[in-house]
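# Fold and geometry: a report
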Amino acid sequence: AAQITAQWGSRSRTAPTQIWRAIRARATPGNTHIGIFYTGSSSGTCTINTCERNEQSGIRIGDNSAADVLRNTSSDNRGHGILVSGDAIPTLTENTCATNDFSGIAYADQTSGNGANNACNRNQQHGMYLDQRSYPVLTRNSCLGNKESGFSFFSRACGTLRGNVAGENGKQGFSIAGHAQ
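Just so we're clear, the structure is a prediction, and the values are computed from it rather than from any experiment.

## Focus: the overall build of the protein
What the protein contains, in helices and strands, is one helix and 21 strands. For the protein, buried positions account for 49% of its 181 residues. Within the protein, contacts between residues separated by at least 24 positions form 38% of all contacts whose residues are at least 6 apart in sequence. When the accessible surface of the protein is totalled, it reaches about 8300 Å², and 44% of it is carbon and sulfur.

Quick look at the structure:
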């Protein structure tokens, strides 16, 4: 199985919006790192993909990427289902992130963006995890049956929650720790 990396480099002759306009209907099982990785200033749409059994996260949006990640399944990964890091500002909509070794969806560093109608269930840690100075807007997501918390805010994370559901989690439905808001 191939790892898909969306990256714009000086050697490329085609702009990333032409190369990575859409990654659709691909299965990316069992990679040694990440199933789908947006890095640099890449953008585009990632739709209806299955990312499972990867050694790290199923999907990662890093650096200054602004991907639209829609209706993907990211499960049974050794890391997070979806990891958002750096200064990324993705839109995550209707994704299913289940039974991952860490969290379903994790926002780290100074990330923002929107997450709506995602299901993050039965993960080994949290359904949705916000850390450092992340500040996404999370609307109508469900986080059920996770080992730790449904939604967890750590460090100085300060996301906005609207109409989310958290139930049957091992510890808390919503957890706010440290200097998080």
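## A word on the environment of Y107
Here Y107 is to be found in strand β12 (residues 105–107). For Y107, a relative accessible area of 0% puts it in the buried group. Along the sequence, Y107 and M128 sit 21 residues apart, while their C-alpha atoms lie 8.0 Å from each other. Other than its neighbours up to four places away in sequence, Y107 contacts V84, L92, S112, N114, G115, Y129, L130, D131, S134, P136 and L138.

## With respect to the packing of aromatic side chains
Summed over all chains, the structure comprises two aromatic pairs. Ring centres of Y129 and F154 lie 5.3 Å apart, and the angle between their planes is 40°; this geometry places the pair in the tilted category. Pair noted here: Y129 is in strand β15 (residues 128–130) and F154 is in the loop between β18 (151–153) and β19 (160–162), with a separation of 25 residues, a long-range link. Measuring from ring centre to ring centre gives 4.9 Å for F151 and F174, while their planes differ by 5°; the resulting arrangement is stacked. Of this pair, F151 sits in strand β18 while F174 sits in strand β21 (residues 174–176), and the two are 23 residues apart along the sequence. Relative accessible area serves as the criterion here: at 43%, F174 is assigned to the partly exposed category.

## So, unusual backbone geometry
The phi dihedral of R53 falls on the positive side, at around 55°, and the residue is not glycine. Positive phi, close to 55°, is recorded for R122, a residue that is not glycine. As for its position among the elements, R122 is in the loop between β14 (119–121) and β15.

## Regarding the state of the cysteines
Two cysteines, two sulfur atoms, one covalent bond between them: this is a disulfide. As enumerated under the stated definition, the model contains zero disulfides in all. Lacking any disulfide linkage, C120 is separated from the closest cysteine sulfur, that of C143, by 4.6 Å. Taking relative accessible area as the criterion, C120 reaches 0% and is therefore assigned buried.

## Topic: the side chain of N169
Turning to its location among the elements, N169 is positioned in the loop between β20 (165–167) and β21. Owing to a relative accessible area of 13%, N169 belongs among the buried residues under this scheme. Within the local environment of N169, its side chain forms a polar contact with the backbone nitrogen of G145, the two atoms lying 3.4 Å apart. With residues near it in sequence (within four places) discarded, N169 still touches C143, L144, G145, N146, E148, S149 and G150.

## Some words on the pairing of strand β7 (residues 66–70)
Burial along β7 is one-sided: the residues A67 and V69 are buried and none of A66, D68 and L70 is. Bridge analysis of strand β4 (residues 43–47) against β7 gives five bridges, and the strand direction is parallel. Residue pairing across strands places G44 opposite A67, the latter belonging to β7. Two strands pair when backbone bridges link them, and β7 and strand β10 (residues 91–93) are joined in this way by three bridges, in the parallel orientation. Directly across from L70, in β10, lies its bridge partner T93.

Parameters and conventions
- Residues numbered from 1 in each chain as written.
- Predicted model: local features only at pLDDT ≥ 70, side-chain atom pairs only at ≥ 80, totals over all residues.
- Heavy atoms only, no water.
- Helix = DSSP H or I, 4+ residues; strand = E, 2+ residues; numbered from the N terminus.
- Buried < 20%, exposed > 50% of the residue type's maximum accessible area, 1.4 Å probe, protein only.
- Contact = heavy atoms within 4.5 Å.
- Areas by Shrake-Rupley, 256 points an atom, 1.4 Å probe, with all protein chains shown as cover.
- Phe/Tyr/Trp six-rings, centres within 6.5 Å; stacked < 30°, edge-to-face > 60°.
- Disulfide = S-S within 2.5 Å.
- Polar contact = N/O pair within 3.5 Å; in protein donor to acceptor, adjacent residues only side chain to side chain.
- Pairing = 2+ DSSP bridges.

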